Amino acid sequence: MLHGIDPILTADLLHALRAMGHGDTIAIVDANFPAATCARRLVAMPGLEAGTVFRAVLSVLPIDDFIPLPLLTMQVVGDAAAVPPAVAEFRQIAAGAGVGAERMGTLDRHGFYAAARDSFVIVQTGDRRLYANVIAAKGVIRT
């Protein structure tokens, strides 16, 4: 255990977050996502929902402010304008971390898969909700 660090942030996840550079991305995905197929680095967190992990990650990860859409979610197949409950939760969590909805974009399913494959790390949660997937780009900490 560490002071000031969310206890769900495992050593493997903290290592990945620390090793990421500016502009690298982390994908936090649901239980249905083909994470083992897509991941260069995979951290499994099967007992947790994606929102819980996203909140913990945002507690230590600066979000990229050099790009217009540093947070991305997956569009609902056949209804790109739909906002699934998990995505609504991600928006709330992001707002609480100071990232407004205008800085969150969406990708179609295959675009999201491609972006996840390019991510530094994929964190697979045990979330069984559909579309509980989000990608975040790491920013910098200014002195």
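Residues numbered from 1 in each chain as written. Predicted model: local features only at pLDDT ≥ 70, side-chain atom pairs only at ≥ 80, totals over all residues. Heavy atoms only, no water.

Thoughts on helix H1 (residues 11-19)
Given 3.6 residues to a turn, an α-helix orients residues that are three or four positions apart in the same direction.
Phase 1: Every buried residue belonging to H1 is among Leu13, Ala16 and Leu17, and all of these are buried. Buried residues of H1, seen end-on, are gathered within an arc of 100° and therefore sit on one face of the element. Pointing more than 90 degrees away from the buried face of H1 are the exposed residues Ala11, His15 and Arg18.
Phase 2: On its buried side, H1 packs onto strand E1 (25-29), strand E2 (42-45), helix H3 (50-58) and strand E5 (121-125). (Buried < 20%, exposed > 50% of the residue type's maximum accessible area, 1.4 Å probe, protein only. Helix = DSSP H or I, 4+ residues; strand = E, 2+ residues; numbered from the N terminus. Arc of directions from axis to C-beta. Contact = heavy atoms within 4.5 Å.)

Comments concerning the nonpolar core
Phase 1: Counting residues in hydrophobic clusters, the biggest one holds 30 residues, and the most contacted among them are Leu13, Ile26, Ile28, Phe54 and Val57.
Phase 2: When residues of this core are traced back to their parent elements, those giving at least two are H1, E1, E2, H3, helix H4 (85-96), E5 and strand E6 (134-137).
Phase 3: It is H3 that contributes the most residues to this core, 6 residues altogether.
Phase 4: If near-sequence neighbours (up to four positions away) are discounted, isoleucine 28 is found in contact with Ala50, Val53, Phe54, Val57, Val123, Thr125, Ala132, Asn133 and Val134.
Phase 5: Listed in part, the 14 residues of the second largest apolar core include Ala35, Leu72, Met74 and Ile122. (Core = buried A, V, L, I, M, F, W, Y, C linked by side-chain atoms within 4.5 Å.)

Remember that the coordinates give geometry; whether it matters functionally is a separate question.
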